[in-house]
Amino acid sequence: MPVLLFAEPWIENLKAIGWSQDSLQSHDFVIQNRAVKVKMVHESSQSRLGPILASVIAFGSAGAASAGPLAPPPIVEFAVPTASSAPIAITAGPDGNLWFTEEAGNKIGRISPSGAISEFPLAVGAMPGGIVAGPDGNLWFTERGANKIGRISPTGDLVEFSIPTAACNPLRIARGGDGNLWFTEEQANKIGRIAPDGSITEFSRTNPGSQPTGIAAGPDGNVWFTVLSPACIGLPIGCAPTEPPWIGRITPTGTITEFPLTWGSRPFGIAAGPDGNLWFTESGAGFIGRITPSGTVTEFAIPRRSNIFPGLPGEIAVGPDGNLWFTYLGDTNTIGRVSITGSITVFPGPSPYNTPCYLTTDMDGSTLYVISPCAQGLAIGADGNLWFTEPHDNNVAVLHVGAAPITHLLWRHTGTGDVDVWSLSGTHVQSATRLASGVPLEWQVVGMGDLDFNGVPDLVWRNSRIGDVAAWLIRGTAVSQSAIVSPAVTPDWQIAGVGDIDGDGTADLIWRNQQSGAVDAWLIEDGRILSAIYGIGVISSSLPLTWDLAGVADVDGDGYADWSGGAGIPEMWQCG
């Protein structure tokens, strides 16, 4: 929960703190009389900034500066050497490395736990899709474009096997309990089985619906798969489905049984959970589903990230913490976690929310919507962390489950205008980075919050001379975008707080008129002001000026920021 504190005058413009006071009582930070004083105990930290001239302008724990999203575990990204290669699926290899497919780059990638990447080329047009470690110590993968199943050794030796059915579009692949590999044939509407010697057998579905997609070995000795059935009229939001979706089960001898799902749910990824059930994503409904080996289905709603889109959950895998983790395929960059009891938590991913994460055509020209998402495949590595791919940003990333969130400490040099950021893990300064040099001193930071839902607090600036309001969107420890949000706002209006008052995960701006006392709200989504769209403007037209806005935070835990103020006696306004 974000907490707003008032500081003594010698600390200029302390705006927002993503920590509680208890967690601030550490070796580096001392609380005195409810004011904040900064006491650096590391000599290396003291040397980074000039004494006296540098003053704290903001604290923020990643993801916690706005009231909506929780702080994600630390995420580290590694760029794939081949540009625009679109890494898709990822799996843990028998050699202690992670292996992944590069669909657009036509390569198989290998990444060590330290982030060193090697690439192994395939034929042009191979379009590798799914990948899994086989029972023979090799990696097995699908080739959507070449219509083959490939096998690659940990040293890079490659063998390929042609699938009997032409243009079947093999999509995902899994290791079965019978010592074979099983794969989905999306366009042929079949399930395939390949033995370690390369012999292939195919099994046709008979129920209506099409496009078997995800596949996983079940706890019952069978293999389970999803049937996407994406055919619909219209766009993915609000489309009218024309085929039923299914969760399927196939025995080692090829007997198929299928269980129907709600029309339009579009199941995608599937994984065996630690509870003895199968868990799957519903990319059309924004749900996580659970199915028992006997076929009983339970659905759990994912908290809505957006007022417009429901979200498109994609792949799912068991994490090192005993929970299941899932990625999103489209309108959000969210990483999600679901417990075996169905409790779901969503975290901002590292990509900006406004990243365009769609490609719109499949191989046959039909609409697919989700081929190049912000985050896609995921797997547990030998290092005990959760690894996932970022096709749009061309990265492989690792999420350190259970690690403390990275906290950012921002500084402004009161003489030069320079802006620095320190990244802290606990009380340890991991890095010190210059965000910008020589920012004119008439520009002042007046607020801090995650405006683009990437887990990192962004900066809201106000020009004290002309009234312009600007935003810096921060990714990692760099400014990814900057723009004027609104020019020439009259000086009687001042930003009084920043928080997620509409529950969409992005911070909004709370304004106070210094003459009339009016309280106004600007809803922010994707860095844009949406108040005009939703018709939300003045919240209170004549709040007495004896009342001050003292803080913005989600105090009742409903996902909406509340604010408090007082004229000697604290008062709370709850939103929701």
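Residues numbered from 1 in each chain as written. Predicted model: local features only at pLDDT ≥ 70, side-chain atom pairs only at ≥ 80, totals over all residues. Heavy atoms only, no water.

1. A look at the overall build of the chain
A tally of helices and strands in the chain yields three helices and 49 strands. Put simply, the chain has 576 residues, and 57% of those count as buried. Within the chain, contacts between residues separated by at least 24 positions form 46% of all contacts whose residues are at least 6 apart in sequence. When the accessible surface of the chain is summed, it comes to about 21,700 Å², and 55% of that surface belongs to carbon and sulfur atoms. (Helix = DSSP H or I, 4+ residues; strand = E, 2+ residues; numbered from the N terminus. Buried < 20%, exposed > 50% of the residue type's maximum accessible area, 1.4 Å probe, protein only. Contact = heavy atoms within 4.5 Å. Areas by Shrake-Rupley, 256 points an atom, 1.4 Å probe, with all protein chains shown as cover.)

2. Focus on the pairing of strand β18 (residues 223-227)
Burial analysis of β18 places five of its five residues in the buried class, the great majority of the element. What you see with β18 is no split at all: Val-223, Phe-225 and Val-227 on one side and Trp-224 and Thr-226 on the other are buried throughout. Judged from the four bridges that link them, strand β17 (residues 212-217) and β18 form a sheet pairing that is antiparallel. Paired with Ala-216 across the strands is Trp-224, a residue of β18. Where β18 and strand β21 (residues 246-250) come together, five bridges link them in antiparallel fashion. Paired with Trp-224 across the bridge in β21 is Arg-249. (Pairing = 2+ DSSP bridges.)

3. Some details on the sheet that holds strand β38 (residues 458-463)
One open sheet holds the four strands; their spatial order is β37-β38-β39-β40, and the pairing between them is antiparallel. Looking along the sheet, the strands with just one partner apiece sit at the ends: β37 (443-449) and β40 (478-486). Taking the axes of each pair of neighbouring strands and ignoring which way they run, one obtains an average angle of 25° across the sheet. As paired strands, β38 and strand β39 (residues 469-475) are joined by four bridges and run antiparallel to one another. Within β39, the position partnered with Trp-461 by the bridge is Ala-470. (Axes fitted to C-alpha atoms, helices over the stretch in contact; angles between N-to-C directions.)

4. Description of the pairing of strand β6 (residues 98-102)
Buried residues dominate β6, accounting for five of its five residues. Of the two faces of β6, the one holding Leu-98, Phe-100 and Glu-102 and the one holding Trp-99 and Thr-101 are both buried throughout. Relative to β6, strand β5 (residues 87-92) is paired through four bridges, and the arrangement is antiparallel. Counted as the bridge partner of Ala-92 is Leu-98 from β6.

5. Topic: the sheet that holds strand β11 (residues 148-152)
The strand order across the open sheet built from four strands is β9-β10-β11-β12, with neighbouring strands paired in antiparallel fashion. Only two strands of the sheet have a single partner each, and these edge strands are β9 (128-133) and β12 (158-162). Averaged over all pairs of adjacent strands, the angle between their axes in this sheet comes to 20°, without regard to strand direction. With five bridges joining them, β11 and β12 adopt antiparallel strand pairing. Directly across from Ile-149, in β12, lies its bridge partner Phe-161.

6. Comments concerning the pattern of salt bridges
Counted by the stated rule, this structure contains eight salt bridges. Across the salt bridge formed by Lys-148 and Glu-160, the nearest N and O atoms sit 3.8 Å from each other. A residue pair is termed long-range when its members are at least 10 positions apart, and Lys-148 in strand β11 and Glu-160 in strand β12 qualify at 12 residues. Linked through salt bridges whose partners overlap, the residues forming this network are Asp-418, Asp-420 and Arg-434. (Salt bridge = Lys/Arg side-chain N within 4 Å of Asp/Glu carboxyl O.)

7. Considerations on the packing of aromatic side chains
Considering all chains together, one arrives at nine aromatic pairs under this definition. For the pair Trp-140 and Phe-161, a centre-to-centre distance of 5.9 Å together with 10° between the ring planes defines the contact as stacked. Placement of Trp-140 in strand β10 (residues 139-143) and of Phe-161 in strand β12 is noted, with a sequence separation of 21 residues between them. Neither residue differs from the other here; Trp-140 and Phe-161 are each classed as buried. Look at Trp-279 and Phe-300: their rings are 5.8 Å apart centre to centre, the planes differ by 15°, and that puts the pair in the stacked class. On the criterion of sequence distance, the pair formed by Trp-279 in strand β24 (residues 278-282) and Phe-300 in strand β26 (residues 297-301) is long-range, its members being 21 residues apart. On the accessibility criterion, Trp-279 (0% relative accessible area) is buried. The exposure class of Phe-300 is buried, given its relative accessible area of 15%. (Phe/Tyr/Trp six-rings, centres within 6.5 Å; stacked < 30°, edge-to-face > 60°.)

8. Section: the environment of Ile-288
Counting through the fold element by element, Ile-288 comes out in strand β25 (residues 287-291). Ile-288 gets classed as buried once you look at its relative accessible area, which sits at 0%. In sequence terms Ile-288 and Phe-326 are 38 residues apart; their C-alpha atoms lie 9.0 Å from each other. Not counting chain neighbours up to four residues away, the residues in contact with Ile-288 comprise Trp-279, Phe-280, Thr-281, Thr-298, Glu-299, Phe-300, Ile-302, Pro-313, Ile-316, Phe-326, Val-338 and Ile-344.

9. Some words on unusual backbone geometry
For Asn-106, which is not glycine, the phi torsion reads 55° and is therefore positive. Within the secondary structure, Asn-106 is located in the loop between β6 and β7 (107-111).

10. Quick look at the confidence of the model for the chain
Confidence in the prediction for the chain averages 76 pLDDT; 70% of positions are at 70 or higher. Here residues 353-373 scores under 50 on pLDDT; set against residues more than four positions off or in separate chains, the count is 67 contacts. Predicted confidence for residues 532-536 stays below pLDDT 50, and this span has six contacts to residues more than four positions away or in other chains. (pLDDT = per-residue confidence, 0-100.)

11. Side note on the side chain of Asn-463
Of note, Asn-463 is situated in strand β38. In this structure the side chain of Asn-463 is engaged in a polar contact, spanning 2.9 Å, whose partner is the backbone nitrogen of Arg-465. If we skip the residues at most four places from it in the chain, Asn-463 touches Glu-442, Trp-443 and Asp-468. (Polar contact = N/O pair within 3.5 Å; in protein donor to acceptor, adjacent residues only side chain to side chain.)

12. Here's the deal with the environment of Thr-389
The topology assignment puts Thr-389 in strand β32 (residues 386-390). Sequence spacing of Thr-389 and Pro-87 is 302 residues, and the spatial spacing of their C-alpha atoms is 5.8 Å. From its side chain, Thr-389 meets the backbone oxygen of Ile-88 in a polar contact 2.6 Å long.

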